[in-house]
Amino acid sequence: MRKKFVYVASLPHSGSTLLNLLLGQHPEMIGVGGIDAVMRWIERDPDEVAAQACSCGEQVGRCLYWKEVLDEARAHPPQNIVERYRVALDVFARVFGPNVLAVDAGQIHETLAELVSEPELDPHVLFLARDFRSAIVSIVDLKLRKKALRRPRIFLALEAALRWRRENRRIADALRKTGLPCRQLGYEELCLRLRASFARVCDFLEIAPFEPTREVHAGCNHSFVGNDMRKQASQTRVSYDYRWMTRSDWWLPALVVPGMLRLNRAWVYANGEDEIFRTREA
Ligand SMILES: [Zn+2]
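Overview of the structure. Since the structure is predicted, the reported quantities are computational estimates derived from the model, not experimental observations.

Brief notes about the nonpolar core
Thinking step 1. In this structure, L23, M29, M39, Y65, W66, Y85 and W164 are the most contacted members of the largest nonpolar core, which totals 94 residues.
Thinking step 2. Broken down by element, this core gets its largest block of residues, 10 residues, from helix α8 (residues 153-178).

Below, the structure written as structure tokens:
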């Protein structure tokens, strides 16, 4: 039988960790972070992986899911990406049963093309994109905080804009070429229209409808890698960062980088929710 699972394709800092945590609220989904990244890490240093803290509260070496994966990967080391997924998903089905979907939020969209060539695997892709205005402000602040970069912030903003356009385009192109089942999701609608976003995801995955809560950690989750994991760990309720609305960092990129506003509408507001900033969720 083909192994169906959820694959979140997104850029770093676009909410994939949050989505991974939120989807775990659904009884038919469990977030496991990034499968490919973890499996590669296990190949390099299984002891180091075993010592990590899993989001379930256990050490990875004692986690009810990842411990089994570690044992399996040690006994039969996977040789390529398809085998890495096979091990992770076989163990997943054994531990959680065949009717629960693994949510893989790895952000490594290079893997998409390889996954599609394997008839045994059945990834259902959620293409998660964040409004470029919000993404730019967040990246500029992050870079300024990390190290005292001498470059003017407008360069940082332009760099972030070009990267946003290039990387999201790569995901969109990969999805078009592979023809994988895919649903677009905006980070903004996820935060500000959580119930509607969740309903779309359930509909796309053909699973029972579910009413999510705004409690980030209410779901079942076993993950320990992810760019914004640490930041998310301190966040307990879904909230939106409105910083970009009072900032001008994104103005110039919006004017000089061709296609930004059009692509923003196409990728982030594909579900026609660009009025979300005008009204509050009921
Ligand atoms: Zn765990």
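Notes on the environment of V137
Thinking step 1. Among the structural elements, V137 can be located in helix α7 (residues 132-146).
Thinking step 2. In this structure V137 comes out as buried when scored by relative accessible area, which is 1%.
Thinking step 3. For the pair V137 and R62, spaced 75 residues apart in the sequence, the C-alpha separation amounts to 39 Å.
Thinking step 4. Sequence-distant contacts of V137, that is, excluding residues within four places in its chain, are made with R243, W244, R247, D249 and W250.

Section: the sheet that holds strand β5 (residues 182-186)
Thinking step 1. Read across the open sheet, the five strands follow the order β2-β3-β1-β4-β5; overall the sheet is parallel. Looking at strand neighbours, the two that pair on one side only are β2 (29-31) and β5, the edges of this open sheet. On average, each strand axis in the sheet is tilted by 25° relative to the strand beside it, whichever way the strands run.
Thinking step 2. Its contacts with the sheet place helix α1 (residues 16-23) against β1 (3-9), β2, β3 (101-104), β4 (121-129) and β5, and it is angled at close to 125° to β4.

Observations regarding the coordination of the zinc ion
Thinking step 1. Here the zinc ion is held by the protein donor atoms C54 (SG), C56 (SG), C63 (SG) and H222 (ND1), which lie 2.2 to 2.3 Å from it.
Thinking step 2. Considering all four donor atoms around the zinc ion, the spread of angles at the metal, 92 to 121°, places the coordination shape in the tetrahedral class.
Thinking step 3. In the primary sequence, the donor residues of the zinc ion line up as C-x1-C-x6-C-x158-H. Here the residue C54 occupies a position in the loop between α3 (46-50) and α4 (66-75), and H222 occupies one in the loop between α10 (194-205) and α11 (229-233), the gap between them amounting to 168 residues.
Thinking step 4. Residue classification places H222 among the buried residues on the basis of a relative accessible area of 2%.

A closer look at the pattern of salt bridges
Thinking step 1. Applying the stated rule across the entire model yields 24 salt bridges.
Thinking step 2. The closest approach of N and O atoms between R40 and D36, which form a salt bridge, is 2.8 Å. Remark: D36 and R40 occur in helix α2 (residues 35-44); sequence separation between them is four residues, near one turn of the helix.
Thinking step 3. Its relative accessible area of 37% is what places R40 among the partly exposed residues.

Remarks on the packing of aromatic side chains
Two aromatic rings, taken as a pair, are described by how far apart their centres are and by the angle between their planes.
Thinking step 1. The full count for this structure, using the stated rule, is 14 aromatic pairs.
Thinking step 2. With centroids separated by 5.7 Å and ring planes inclined at 80°, the aromatic side chains of Y65 and F92 adopt a geometry described as edge-to-face. Highlighted residues: Y65 in the loop between α3 and α4 and F92 in helix α5 (residues 81-96), separated in sequence by 27 residues.
Thinking step 3. What makes Y65 buried here is its relative accessible area of 1%.
Thinking step 4. The ring centre of W250 lies 5.6 Å from the NZ or CZ of R133, which sits over that ring.

Some remarks on the packing of α8 against helix α13 (residues 260-268)
Thinking step 1. One way to put it is that α8 packs onto α13 with a least axis distance of 11 Å and a crossing angle of 45°. Considering their axes alone, α8 and α13 lie oblique with respect to each other. α13 is crossed by α8, and the crossing has left-handed handedness. Where α8 approaches α13, its residues A161, W164, R165, N168, R169 and A172 are matched on the opposing element by M260, L263, N264, W267 and V268.
Thinking step 2. Of the residues that constitute the contact of α8 with α13, the class distribution is seven nonpolar, two polar and two charged.

How each quantity is defined
- Residues numbered from 1 in each chain as written.
- Predicted model: local features only at pLDDT ≥ 70, side-chain atom pairs only at ≥ 80, totals over all residues.
- Heavy atoms only, no water.
- Core = buried A, V, L, I, M, F, W, Y, C linked by side-chain atoms within 4.5 Å.
- Buried < 20%, exposed > 50% of the residue type's maximum accessible area, 1.4 Å probe, protein only.
- Helix = DSSP H or I, 4+ residues; strand = E, 2+ residues; numbered from the N terminus.
- Contact = heavy atoms within 4.5 Å.
- Pairing = 2+ DSSP bridges.
- Axes fitted to C-alpha atoms, helices over the stretch in contact; angles between N-to-C directions.
- Donors = N, O, S within 2.8 Å, 3.2 Å for Na, K, Ca; no water.
- Tetrahedral: all angles 85-135°; square planar, octahedral: opposite > 155°, others 65-115°.
- Salt bridge = Lys/Arg side-chain N within 4 Å of Asp/Glu carboxyl O.
- Phe/Tyr/Trp six-rings, centres within 6.5 Å; stacked < 30°, edge-to-face > 60°.
- Lys NZ or Arg CZ within 6 Å of the ring centre and 35° of its normal.
- Parallel < 35°, antiparallel > 145°, perpendicular 65-115°, else oblique.
- Left-handed = near helix turned anticlockwise from the far one by under 90°.
- Nonpolar A, V, L, I, M, F, W, Y, C, P; charged D, E, K, R; others polar.

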